[in-house]
Amino acid sequence: MNLPVEIVEMLGQTLAKVVPVTIALALVFSVLAHFWACNPGRPWWRKRELVTDICYWFLVPLFARVFRIGLLVLGAALLFGIRDADALIAFYDNGHGPLSRLPLWLQAILFLVVADFMMYWLHRMFHRGVCWKYHAIHHSSEDVDWISAARFHPVNLLLGTIGVDVVLLMAGISPEVMLWLGPFNIFHSAFVHANLNWTLGPFKYVLATPVFHRWHHTSPAEGGDTNFAGTFPLWDILFGTFRMPQDSLPEQYGVDDQSSFPGEIIGQLAYPFRRSGAVRPPEGRWWRKARTDLPSG
Ligand SMILES: [Zn+2]
Ligand SMILES: [Zn+2]
């Protein structure tokens, strides 16, 4: 088969998966936000920069697929000296080494916990220095909603979700685990961005919720440099960055340079390469500050 045909086929396969999931999520979160909106007002389909978010929503799964395959091939060649296609398939097919011999459910738990731990620190790294220019794209959404979940710069994806997936697959985890975790991750990332006032009561310490992550999307002045965990708030509790104020809900989202921040996808993809892009100071001072005003509940 020739390359253009394969690319078109891959586009088709990805879209065939994304479209039904999108419709289901749209229905679920439209109904839930009608009853339990965190910020009542605009429904998601009237959110600012909706077109931008829709572009990311369909492009990101494509990027992710290409990047994942590329990194898996590159990693196997550079680290394990595997260069031919059959050996490559055999290497990844059912995982390899001691990790792949664990029961699948245990591999899934391990994957969830280790990936989330790595993502927590990568996320913190992306909030500082020049890395912020790439991550600012994700924070540029003023109307945070489930459809904002995919707004990520490709560099952020590569050194985030995709990089972490590839590292764990190279470590030997069976790809079968991803079949179960993939749908959970898609649903959960849409869920934490959804316009919902859900804190899940005492479970706010167990699982990242919409209110937990919406606080993360507020400005640093409002305490937004907190709640970095994707799935388990445990990391934020352990490392002093957990923040869920009692009796108040987050209201304002976006970046400091919002007025000059590009609203469309092309401008956003180019943003990190602009000289004028905002850079943040290193973590030192902020780390001490966050620890001292860590709330108890
Ligand atoms: Zn962030
Ligand atoms: Zn987010």
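Note that the coordinates shown come from a computational prediction; the quantities given were computed from them, not determined experimentally.

Q: Break down the overall build of the protein chain for me, citing the residues and quoting the values.
A: For the protein chain, the count of helices and strands is 12 helices and 0 strands. Radius of gyration (C-alpha) of the protein chain: 20 Å, near the 19 Å computed for a compact globule of 297 residues. Counting only C-alpha atoms, the protein chain reaches 55 × 40 × 40 Å along its principal axes. Taken across its 297 residues, the protein chain has 47% of its residues classed as buried. Residue pairs in contact within the protein chain that sit at least 24 positions apart in sequence constitute 74% of those at least 6 positions apart. Counting only carbon and sulfur atoms, one obtains 70% of the accessible surface of the protein chain, whose full area is about 15,100 Å². Counting 23 positive and 23 negative side-chain charges, the protein chain places the averaged centre of each group 6 Å from the other.

Q: I'd like a description of the coordination of the zinc ion (ligand 2), backed by residues and values.
A: Protein-derived coordination of the zinc ion (ligand 2) comes from His138 (NE2), His193 (NE2), His213 (NE2) and His217 (NE2), at a distance range of 2.0 to 2.1 Å. Around the zinc ion (ligand 2) sit 4 donor atoms, and with donor-metal-donor angles ranging over 94 to 154° the site reads as irregular. When the donor residues of the zinc ion (ligand 2) are listed from N- to C-terminus, their spacing reads H-x54-H-x19-H-x3-H. Placement of histidine 138 in helix H6 (residues 131-139) and of histidine 217 in the loop between helix H9 (210-216) and helix H10 (234-238) is noted, with a sequence separation of 79 residues between them. Classification of histidine 138 by relative accessible area gives buried; the value is 3%. Residue class for histidine 217 comes out buried when judged on its relative accessible area of 0%.

Q: Can you explain the coordination of the zinc ion (ligand 1)? Please cite residues and give values.
A: The protein atoms that coordinate the zinc ion (ligand 1) are His123 (NE2), His127 (NE2), His135 (NE2), His139 (NE2) and His216 (NE2), at distances of 2.0 to 2.2 Å. Here the donor residues for the zinc ion (ligand 1) map to a single chain with the spacing H-x3-H-x7-H-x3-H-x76-H. You can see histidine 135 sitting in helix H6 and its partner histidine 216 sitting in helix H9, a full 81 residues away along the chain. Among the residues examined, histidine 216 registers a relative accessible area of 0% and is labelled buried.

Q: A description of empty space enclosed by the protein should follow, citing residues and the corresponding values.
A: Scanning the entire structure with this criterion turns up 1 cavity of 30 Å³ or more. Computed from the structure, the largest cavity encloses a volume of approximately 70 Å³. Trp132, Thr218, Pro220, Gly254 and Arg280 are, among the 13 residues lining the largest cavity, the residues nearest its centre. In terms of residue class, the lining of the largest cavity is made up of 3 nonpolar, 7 polar and 3 charged.

Q: Tell me about helix H3 (residues 85-93), residues and numbers included.
A: Burial in H3 covers these residues: Leu88, Phe91 and Tyr92. Considered in projection along H3, the buried side chains sweep an arc of 80° and stay on one side of the axis. Facing away from the buried surface of H3 by more than 90 degrees, the exposed residues are Asp86, Ile89 and Ala90. Next to the buried residues of H3 lie helix H2 (50-80) and helix H7 (154-170). Looking one or two residues beyond H3, the residue adopting positive phi is glycine 95, at roughly 75°.

Conventions adopted
- Residues numbered from 1 in each chain as written.
- Chains lettered and ligands numbered in written order.
- Predicted model: local features only at pLDDT ≥ 70, side-chain atom pairs only at ≥ 80, totals over all residues.
- Heavy atoms only, no water.
- Helix = DSSP H or I, 4+ residues; strand = E, 2+ residues; numbered from the N terminus.
- Rg over C-alpha atoms; globule rule 2.2 N^0.38 Å.
- Buried < 20%, exposed > 50% of the residue type's maximum accessible area, 1.4 Å probe, protein only.
- Contact = heavy atoms within 4.5 Å.
- Areas by Shrake-Rupley, 256 points an atom, 1.4 Å probe, with all protein chains shown as cover.
- Lys, Arg positive; Asp, Glu negative; His and termini not counted.
- Charge placed at Lys NZ, Arg CZ, Asp CG, Glu CD.
- Donors = N, O, S within 2.8 Å, 3.2 Å for Na, K, Ca; no water.
- Tetrahedral: all angles 85-135°; square planar, octahedral: opposite > 155°, others 65-115°.
- 1 Å grid on protein atoms, 1.4 Å probe; cavity = no way out; pocket = protein on both sides within 12 Å on 5 of 7 lines; lining within 4 Å.
- Points joined across faces, edges and corners; volume = space filled by probe spheres on them.
- Nonpolar A, V, L, I, M, F, W, Y, C, P; charged D, E, K, R; others polar.
- Arc of directions from axis to C-beta.

Nothing here speaks to function; it is all geometry.
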